[in-house]
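# What the coordinates show
Residues per chain, in single letters:
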Amino acid sequence: MRPVAQASGVSRLWDAARRALSVAELALGIALFLLVLLLALFGVALQTHDPMASDLMRRFLPFGAEGHLLGTDHMGRDMWSRMLAGLQWSMACAFTANVINLFIGATLGLLAAERPGWTRNVVRQVADIFQAFPSLVAAIVVVVVIGDGFVTLVLTLGFLSWPIFMRVVYAEASSLYSRDFVKAARLAGVSRLAVMFGHVLPGLRASLLVIFALHFAALLIAESALSFLGIGAPLGVPTWGNSLAESRQYVLVAPQLLLVPAGAIIFTVITMNVLGDGLAAYSRRRGRGIEP
Amino acid sequence: MSAAAPLPVVEVRSLSLRMSRDRSAQEVLHEVGLRIGAGEIVGLVGESGSGKSVTALSLLRLLPAGVARYGEGARISVLGRDILAMGEAELRRMRGADVSVIFQEPMTALNPVVRIERQLCEVIRRHRGGSLQAARALSLSLLADMRIADPERAMASFPHELSGGMRQRVMIAMAFSCDPALIIADEATTALDVTVQAQVLELLRQRARAKGTSVLLITHDFGVVNETCDRVYVMYRGEVVEEGLASDIIREPKHPYTRALLSALPGRGLPRARLETVAAAMLEGGEPVVRAAPLPPRVLDDTRPPILETRGLTVRYPKPDALWGRATAPLPAVDGVSLVVRPGETLALVGESGCGKSSLLNALVGLVPHEGDVLYEGAPLRMPRSGVQMVFQDPQGSLDPRWPAWRIVTEPLTVAGRKGRAERRRLAAALFDRVGLSQDAIDRRPHEFSGGQRQRIAVARALSVQPRLLLLDEPTSALDVSVQAQILNLLMDLQDAAGLAYLFVSHDLAVVRHIADRIAIMQRGVIVETGDTATVLASPQHPYTRTLLAAVPRLETQDSLKPIRG
């Protein structure tokens with residue numbers, strides 16, 4: 001029994017409140033995420049117009065205009081439909097890039113943790129270089145050289161921002177590899193792969209989930225930023241970044257054009273952050289149960 | 001002693017305590033009474049969960065306020081003041097100044113990023129005031145009193161730069177720095193090596209005697225009680241079951257639990273006799289049954305070919321050169337060790353922390369590179385090998401917390417080839433049976449078992465592939481005395497049934513005396529003495545063996561108040 005600092009009634013209440021909050025956070029995160037996911041998957045059905053169809057007679061309509069829930073843009077295109085189309089594009093892009101990140105980062109992290117020595121040193125140095133180089137600048141260079149498009153964008157983001165996964169996986173896997181149960185398995189003759197898949201990867205699941213959610217938000221922002229700069233999605237594709245870029249010229253005439261894509265980005269990013277934090281708090285509490 | 005002094009330093013009467021996290025309040029202390037006279041050294045003995053630490057923490061009301069609920073009529077008075085009625089500010093002044101606490105692991109009690117000097121001076125100045133120079137001078141003299149060789153250097157060190165024994169001395173110096181009337185030492189020497197423990201206990205005792213300080217010594221070790229304490233309280237499941245002079249209780253324990261606890265101690269009765277376990281003793285009408293029926297003497301045939309042999313085994317850890325990452329010539333951690341383990345016998349490897357016994361084990365199983373030969377049944381040992389299995393010290397760390405027990409114990413079996421889930425579960429149930437666990441428990445995960453049960457699972461895993469040799473790395477050090485007795489019994493039973501050979505690494509001479517046929521004493525990477533257990537322990541030849549033996553806290557003294565060797 002360790003002495004715990006005297007907990008007053010207030011701090012106990014605070015404790016209980018925090019516990020409740022963390023559960024609420026996770027629930028809220030999951031609910032918001034499901035909403036975003038459903039909109040991304042089935043949003044096409046909710047589109048009231050073709051997001052590309054312009055109607056020059058009905059330009060700059062305000063929110064709530066007849067037939068146009070979120071108004072229209074400078075070409076008279078329906079903002080609601082364009083927002084849903086942008087959601088689909090952004091989610092697909094961030095998700096695919098994130099999967100690539102996860103795959104590269106986790107593989108290298110596991111490799112570095114399993115083979116201390118020069119393998120580890122090389123992996124860590126490479127990760128350092130990738131992380132030290134401003135990835136947005138690198139992305140700009142790549143896109144400018146190769147050209148834009150969904151695949152380029154995804155591959156660029158996917159191959160540039162994996163170090164965070166590598167670092168987390170490396171740190172946690174190293175601590176797992178030093179545990180006696182891994183030693184016991186190795187001494188019993190269990191193969192490297194079996195140890196990796198049986199003991200190490202299951203132990204990483206919780207943190208990988210958390211990083212995946214949080215990094216997803218970062219990728220959403222990166223994708224929008226690149227599109228905004230005109231080098232992400234091809235011009236004309238209804239993404240949030242493109243919509244933002246186009247609305248820039250009309251800020252004084254129709255400021256609401258800015259609000260729709262900006263609001264969508266903020267909402268999605270917050271959703272992923274809430275989900276990530278909720279997952280982190282949940283796995284921390286659950287971890288205490290597993291290893292008291 | 002001053003047991004009958006008019007004003008006791010501590011007086012606890014009918015202390016009942018419930019701890020509640022949720023609505024269910026569990027009674028952890030029941031009508032505990034405790035009295036410590038001025039200048040008295042009182043022991044509080046019990047196993048984990050007996051309530052000894054909770055009792056001690058209650059003396060300063062250090063338990064979380066909302067969680068601990070004191071029963072009606074409970075009275076705690078320290079230095080004549082009513083602790084339960086005191087305000088928080090008043091209590092805080094009392095802690096550290098009038099009463100100080102020494103904990104088991106000084107690393108957690110010291111701030112790792114602050115030098116010793118600042119930590120000591122801060123404590124002194126907070127409670128005594130005065131200039132920094134005065135505090136520094138006092139700190140230096142306190143450290144010198146603790147026989148720290150170079151106090152100036154210790155002062156300038158960070159906690160991690162000091163050894164465990166040094167850190168504990170710093171903690172004791174800190175505890176004495178404000179001339180407290182009472183010091184609570186909560187398992188303060190449990191984590192230390194025996195030779196260091198002997199020194200630290202002696203310092204604590206001498207210093208307390210010189211200053212007239214009362215000490216409450218919490219421990220699970222009757223040897224420590226015998227060598228240090230005037231009086232003792234024995235706790236069991238939240239109650240004080242026996243109290244009295246330490247020497248009386250050890251010589252003639254009255255309560256069945258005390259008797260059970262004493263007879264669970266290895267190294268007292270006949271070697272290899274079954275140890276009494278507390279649960280068994282308490283079940284059988286409170287009368288521990290003496291089953292020390294003389295066993296047939298084990299005849300060890302030294303002509304048989306050894307199952308394990310090392311020749312000139314040497315382990316060097318390359319010290320990385322700071323600049324180039326090249327290795328510089330290192331000191332060997334294990335230096336030319338030659339050992340022999342014969343089939344069916346137990347060889348104990350004994351030494352203190354840092355002597356190289358873990359390096360030796362790791363070299364045996366190929367986890368660290370080594371020079372010299374390791375032969376298993378006459379041929380070089382290459383792990384993995386089903387004949388050689390290992391059991392680790394801490395079952396908490398050696399079992400994957402995410403796996404159900406049946407998967408854990410059958411993991412080594414999967415190496416030979418795929419096995420179906422049903423077959424693995426059947427094998428697991430059989431293994432559970434062999435190590436004395438209920439077959440119904442194979443679906444549970446490690447955290448649902450107690451420490452002793454977890455170690456049984458670890459043994460079951462090692463047994464799954466029918467080994468002939470088990471490497472046991474301090475397998476009972478993390479366990480309570482009565483649980484240790486169960487595991488030692490299990491190991492001896494398995495050895496008798498299956499003719500297993502053990503290489504038993506330990507720091508505990510009592511355990512070794514009980515279980516080992518032969519013994520090898522290791523110091524600084526070298527085996528300094530080896531021979532059969534009885535001979536080595538009865539007439540140690542090497543000075544280090546003698547030091548080690550002398551440092552073990554004993555029960556077999558006539559007078560508990562005899563001075564400790566200086």
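Note that the coordinates shown come from a computational prediction; the quantities given were computed from them, not determined experimentally. (Residues numbered from 1 in each chain as written. Chains lettered and ligands numbered in written order. Predicted model: local features only at pLDDT ≥ 70, side-chain atom pairs only at ≥ 80, totals over all residues.)

### A word on the overall build of chain B
Quick note on the threshold: Counting from the N terminus, the helices are DSSP H or I runs at least four residues long and the strands are E runs at least two residues long. Neighbour density around each residue's C-beta defines its exposure: 20 or more other C-beta atoms within 10 Å make it buried, 12 or fewer make it exposed, and counts between make it partly exposed, where C-beta atoms are placed from the backbone. The contact criterion used is a C-beta to C-beta distance within 7 Å, with each C-beta placed from the backbone.
Each helix and strand counted, chain B has 21 helices and 23 strands in total. Each of the 566 residues in chain B was classed as buried or not, and the buried ones make up 48%. Contacts in chain B between residues far apart in sequence, at least 24 positions, make up 68% of those at least 6 positions apart.

### Concerning the sheet that holds strand 11 (residues 239-245) of chain B
All names here are of chain B. Heads up, the condition is: Should DSSP find at least two bridges between two strands, the strands are taken to pair. Axis definition: a line fitted to C-alpha atoms, limited for helices to the stretch in contact. Angles are taken between N-to-C directions and run from 0 to 180 degrees.
Read from one edge of the open sheet, six strands run 7-8-9-3-10-11, paired in mixed fashion. Two strands close off the open sheet at either side, each with one partner strand: strand 7 (99-102) and strand 11. The sheet shows a mean angle of 15° between the axes of neighbouring strands, taken without regard to direction. As defined by bridge partners, strand 3 (residues 41-45) adjoins strand 9 (residues 214-219) across five bridges and the pair is classed as parallel. Paired with Gly 43 across the strands is Leu 217, a residue of strand 9.

### A few points about helix 7 (residues 180-187) of chain A
Counting buried positions over the eight residues of helix 7 of chain A gives seven, a clear majority of the element. Asp180(A), Phe181(A), Val182(A), Ala184(A), Ala185(A), Arg186(A) and Leu187(A) are the residues of helix 7 of chain A that are buried. At its buried positions, helix 7 of chain A is contacted by helix 6 (163-177) and helix 8 (192-228) of chain A together with strand 19 (388-391), helix 14 (395-398) and helix 17 (451-463) of chain B.

### Looking at the nonpolar core
Most often, soluble globular proteins have nonpolar side chains that are buried together. Heads up, the condition is: We call a set of buried Ala, Val, Leu, Ile, Met, Phe, Trp, Tyr and Cys residues a nonpolar core when their C-beta atoms link them within 7 Å.
In this structure, Leu182(B), Leu216(B) and Leu503(B) are the most contacted members of the largest nonpolar core, which totals 223 residues. Tallying contributions element by element places helix 2 (residues 79-114) of chain A first for this core, with 16 residues. Each residue touching Leu503(B), except ones within four places of it in the same chain, is listed here: Leu308(B), Val341(B), Leu347(B), Leu349(B), Leu469(B), Leu471(B) and Leu472(B).

### So, the confidence of the model for chain A
This is how the line gets drawn: Confidence scores per residue from the predictor, reported as pLDDT, run from 0 to 100.
Chain-level statistics for chain A give a pLDDT mean of 85 and a share of 93% at 70 or above. In the predicted structure, residues 1-8 of chain A sits below a pLDDT of 50 and forms 14 contacts with residues beyond four places in sequence or in another chain.

### So, helix 8 (residues 194-211) of chain B
Residue and element names in this part refer to chain B. Inclusion rule: Here the expected span of a helix is defined as 1.5 Å times the quantity of residues minus one.
When the terminal C-alpha atoms of helix 8 are compared, their 25 Å separation across 18 residues agrees well with the 26 Å that a helix rising 1.5 Å per residue should span. All of the buried residues along helix 8 are Val 194, Val 196, Gln 197, Ala 198, Gln 199, Val 200, Leu 201, Leu 204 and Ala 208. Contacts made by the buried residues of helix 8 are with strand 3, helix 7 (164-176), strand 8 (182-186), strand 9, helix 9 (222-228) and helix 21 (543-551). Of the residues flanking the end of helix 8, it is Gly 212, one or two places downstream, whose phi is positive at about 70°.

### Observations regarding unusual backbone geometry
A negative phi angle characterises most non-glycine residues, just as the trans form characterises most peptide bonds. Residue and element names in this part refer to chain B. You will see that Leu 79, though not glycine, has its phi angle at about 55°, which is positive. Counting through the fold element by element, Leu 79 comes out in the loop between strand 5 (75-78) and strand 6 (81-82). Take Leu 79: there are 18 C-beta atoms within 10 Å of it, and that puts it in the partly exposed class. Positive phi outside glycine occurs at Glu 187, with the angle close to 50°. Checked against the element boundaries, Glu 187 lands in the loop between strand 8 and helix 8.

### What about the sheet that holds strand 23 (residues 526-532) of chain B?
All names here are of chain B. Here we have six strands laid out as an open sheet, ordered 19-20-21-16-22-23, and mixed in their pairing. Sheet topology places strand 19 and strand 23 at the edges, where each strand pairs with a single neighbour. Each adjacent strand pair in this sheet contributes to an overall mean axis angle of 15°, direction not counted. Note that strand 22 (residues 518-523) and strand 23 share six bridges and pair antiparallel. Counterpart to Arg 518 in the pairing with strand 23 is Asp 532. Helix 13 (residues 357-364) contacts strand 16 (346-350), strand 20 (469-473), strand 21 (501-506) and strand 22 of the sheet and is inclined by roughly 145° relative to strand 20. The strands that helix 21 touches are strand 22 and strand 23; relative to strand 22, the one it contacts most, it runs at about 100°.

### A closer look at the packing of helix 2 of chain A against helix 6 of chain A
Residue and element names in this part refer to chain A. Put simply, the rule is: In this scheme the crossing of two helices becomes right-handed for a clockwise turn of the near helix relative to the far one and left-handed for an anticlockwise turn of less than a right angle.
With their axes 7 Å apart at the nearest point, helix 2 and helix 6 run at an angle of 35° to one another. The handedness of the crossing between helix 2 and helix 6 is right-handed. Along its contact with helix 2, which presents Asn 101, Leu 102, Gly 105, Ala 106, Leu 108, Gly 109, Leu 110, Ala 112, Ala 113 and Glu 114, the element helix 6 presents Pro 163, Ile 164, Phe 165, Met 166, Val 169, Tyr 170, Ala 173, Ser 174 and Tyr 177.

### Comments concerning the pairing of strand 8 of chain B
Residues and elements named next belong to chain B. Here strand 8 lies mainly inside the structure; five of its five residues are buried. Residue alternation in strand 8 divides its side chains into two sets, Leu 182, Ile 184 and Asp 186 and Ile 183 and Ala 185, and both sets are buried. Relative to strand 8, strand 7 runs parallel, the two sharing four bridges. Following the sheet pairing, Ile 102 is matched in strand 8 by Ala 185. Both strand 8 and strand 9 contribute to a ladder of five bridges, which runs parallel. Bridging from a neighbouring strand, Asp 186 pairs with Ile 218 of strand 9.

### Some details on the environment of His255(B)
Residue and element names in this part refer to chain B. Relative to the helices and strands, His 255 resides in the loop between helix 10 (246-251) and helix 11 (256-264). Spatially, the C-alpha atom of His 255 lies 36 Å from that of Arg 445, the residues being 190 residues apart in sequence. With residues up to four places along the chain from it excluded, the contact list for His 255 reads Val 234, Val 241 and Glu 242.

### Description of the pairing of strand 16 of chain B
Residues and elements named next belong to chain B. Counting buried residues along strand 16, five of its five residues qualify, which places the element largely inside the surrounding structure. In this sheet, strand 21 lies alongside strand 16 in parallel orientation, the contact comprising five bridges. Each residue of the ladder has a partner; that of Val 350, found in strand 21, is Ser 506. Pairing geometry for strand 16 and strand 22, over four bridges, is parallel. Directly across from Leu 349, in strand 22, lies its bridge partner Ala 520.

### Some words on the packing of helix 8 of chain A against helix 9 (residues 240-247) of chain A
Residues and elements named next belong to chain A. Test applied: Each angle gets one of four labels, with under 35 degrees taken as roughly parallel, over 145 as roughly antiparallel, 65 to 115 as roughly perpendicular, and the rest as oblique. For this classification, Asp, Glu, Lys and Arg are treated as charged, while Ala, Val, Leu, Ile, Met, Phe, Trp, Tyr, Cys and Pro are nonpolar and the rest, including Gly, are polar.
The N-to-C vectors of helix 8 and helix 9 enclose an angle of 40°; their axes lie 7 Å apart at closest approach. In terms of axis orientation, helix 8 runs oblique to helix 9. Where helix 8 crosses over helix 9, the handedness of that crossing is right-handed. Residue-level inspection shows Glu 223, Ser 224, Ala 225, Leu 226, Ser 227 and Phe 228 of helix 8 in contact with helix 9, the latter providing Trp 240, Gly 241, Asn 242, Leu 244 and Ala 245. By residue class, the composition of the contact of helix 8 with helix 9 is six nonpolar, four polar and one charged.

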